[in-house]
Amino acid sequence: MAKLAGVSVRTLHVYDKIGLLKPGTRTNTRYRLYGEKELLRLQQILFYKELDFPLKQITAILDSPGFDLVKALESHKKAINSHKTRLNTLLKTIDTTIDTLKNKKMLNTDELYDGLSREEAIENYGQEVVEHAENYLRKLTKEEIKALVAEQKEITQKLYLLKKEDPISAAVQNVIHLHYLNTRKLWGTENAADKQAKNYKGLGKLYLTDERFTMVDNTARPEFNQFLSEAMAYYADTKLC
């Protein structure tokens, strides 16, 4: 019995002593003999123990006049499946963390948003877009992410130096093209068939309402925001449609 159930003989002695599991019969030499009824009861005990029920409560449940073995098994199955789902989620989380630590990949999603919270990003771009970008960027190392962000800032600086030029001039549009390509990388859609003209133009409009995106030397530059937004809109209308 002990071997079949994976418990110690001493455990069976304890269960017998507290009235939780009595043997079917005892031999003249005091050996405890268990039958099918006792095996099924022990199975229930082990199930409830797995769910962290105390022994006294298990005894009360099993000895209840309304106890139904089939319903109990169905309940155990439901609880175990739920527990299995939680464990699988935990295992995936552990695997992700191990992969992150081994490959020095970015773990904190806040690092994806330079001056913008995740909630604000979802509000502006939508949850699907944000999650797609996050999943793509998590595959990159921190160094690769930093390089993309640094490239974005460098391009912004180049555009700032051109702020007195016509937004639709070739000189400006050439740099805007680099800005567009870099933005697509940050969005994780670099190789997507959709050119995202609407999204890119929308980003330009966002620059008009949120100065954090285009601050230069930690100073807001409203006139630069207007210039950049117009340059992006022209690029989207002429190159992406």
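Starting from 1, residues in each chain are numbered consecutively following that chain's sequence as written. Only residues with pLDDT of 70 or above have their local features reported here, since the model is predicted, and side-chain atom pairs are shown and tallied only from 80 upward, although totals for entire chains, interfaces and linings are computed over all residues. Side-chain calculation: all heavy atoms of the structure are included, whereas hydrogens and water are not.

Let us look at the overall build of the chain. The helix and strand labels rest on DSSP assignments: H or I over at least four residues marks a helix, E over at least two residues marks a strand, and numbering proceeds from the N terminus. Each helix and strand counted, the chain has eleven helices and two strands in total. Listing each helix as α and each strand as β along the chain from the N terminus yields α-α-β-β-α-α-α-α-α-α-α-α-α. Note on classification: 1.4 Å probe, protein chains only; a residue is buried when its accessible area is under 20% of the maximum for its type, exposed when over 50%, partly exposed between these limits. When each of the 241 residues of the chain is scored for burial, the buried share is 31%. Whether two residues are in contact is decided by their heavy atoms: any pair within 4.5 Å suffices. If you take every contact in the chain between residues at least 6 apart in sequence, the share linking residues at least 24 apart comes to 55%.

Right, let's get into the nonpolar core. The biggest cluster of nonpolar side chains holds 22 residues, and the ones touching the most others in it are L159, V172, I176, Y200, L228, M232 and L240. Elements with a minimum of two residues in this core: helix 8 (142-161), helix 9 (170-187), helix 10 (197-209) and helix 11 (222-239). It is helix 11 that provides the largest number of residues to this core, a total of seven residues. Excluding residues within four positions of it along the chain, L159 makes contact with V172, V175, I176, H179, F224, F227 and L228. The criterion is simple. A nonpolar core is a set of buried Ala, Val, Leu, Ile, Met, Phe, Trp, Tyr and Cys residues joined through side-chain atoms within 4.5 Å.

We now examine the side chain of T189. Looking at the element boundaries, T189 is found in the loop between helix 9 and helix 10. With a relative accessible area of 10%, T189 lands in the buried category. Among all residues touching T189, those that are not within four sequence positions of it are H132, R184 and Q196.

What follows deals with the packing of helix 3 (residues 36-50) against helix 4 (residues 55-62). All axes are obtained by fitting lines to C-alpha atoms, using only the stretch in contact for helices, and the reported angles, taken between N-to-C directions, cover 0 to 180 degrees. Running from N to C, helix 3 and helix 4 point in directions that differ by 135°, and their axes come no closer than 10 Å. Between helix 3 and helix 4, the angle falls in the class oblique. For the pair helix 3 and helix 4, the crossing hand works out as right-handed. Mapping the contact onto sequence places R41, Q44, I45, Y48 and K49 in helix 3 and L55, I58, I61 and L62 in helix 4. In terms of residue class, the contact of helix 3 with helix 4 is built from six nonpolar, one polar and two charged. Each angle gets one of four labels, with under 35 degrees taken as roughly parallel, over 145 as roughly antiparallel, 65 to 115 as roughly perpendicular, and the rest as oblique. Helix crossings are classified by the rotation of the near helix relative to the far one: an anticlockwise turn of less than a right angle makes the crossing left-handed, while a clockwise turn makes it right-handed. Asp, Glu, Lys and Arg are counted as charged, while Ala, Val, Leu, Ile, Met, Phe, Trp, Tyr, Cys and Pro are counted as nonpolar; the rest, among them Gly, fall into the polar class.

Where helix 9 contacts helix 10, the two axes come as close as 11 Å, and the packing angle between them is 100°. What the angle tells us is that helix 9 and helix 10 run roughly perpendicular. When helix 9 is examined against helix 10, the residues I176, H179, Y180, T183 and W187 are found in contact with a partner set consisting of N199, Y200, L203 and Y207. Tallied by class, the residues present in the contact of helix 9 with helix 10 amount to six nonpolar, three polar and no charged.

This part takes up the pattern of salt bridges. Only one rule defines a salt bridge in this text: a Lys or Arg side-chain nitrogen within 4 Å of an Asp or Glu carboxyl oxygen. On inspection of all chains with the given rule, the structure shows six salt bridges. For D16, the salt bridge identified is with R32, shortest N-O distance 2.8 Å. Linking D16 in helix 2 (residues 9-17) with R32 in strand 2 (residues 32-33), this pair joins segments that are 16 residues apart in sequence. In this structure, the salt-bridge partner of K158 is E154, at a minimum N-O distance of 4.0 Å. Separated by four residues within a single helix, K158 and E154 lie in helix 8, roughly one turn from each other. Note on K158: relative accessible area 38%, which makes it partly exposed.

Looking now at the packing of aromatic side chains. Pairing of aromatic side chains requires ring centres within 6.5 Å, counting the rings of Phe and Tyr and the six-membered ring of Trp. Pairs whose planes differ by under 30 degrees are stacked, by over 60 edge-to-face, and all others tilted. Tallied over the entire structure, the rule returns six aromatic pairs. Ring geometry for Y48 versus F53: centroids 5.1 Å apart, planes at 70°, classification edge-to-face. Y48 sits in the buried class, given a relative accessible area of 10%. Seen in terms of ring centroids, Y160 and F224 are 5.3 Å apart; in terms of plane orientation they differ by 90°. Their pairing is edge-to-face. In this pair, Y160 sits in helix 8 while F224 sits in helix 11, placing the two residues 64 residues apart along the sequence. Y160 sits in the buried class, given a relative accessible area of 12%.

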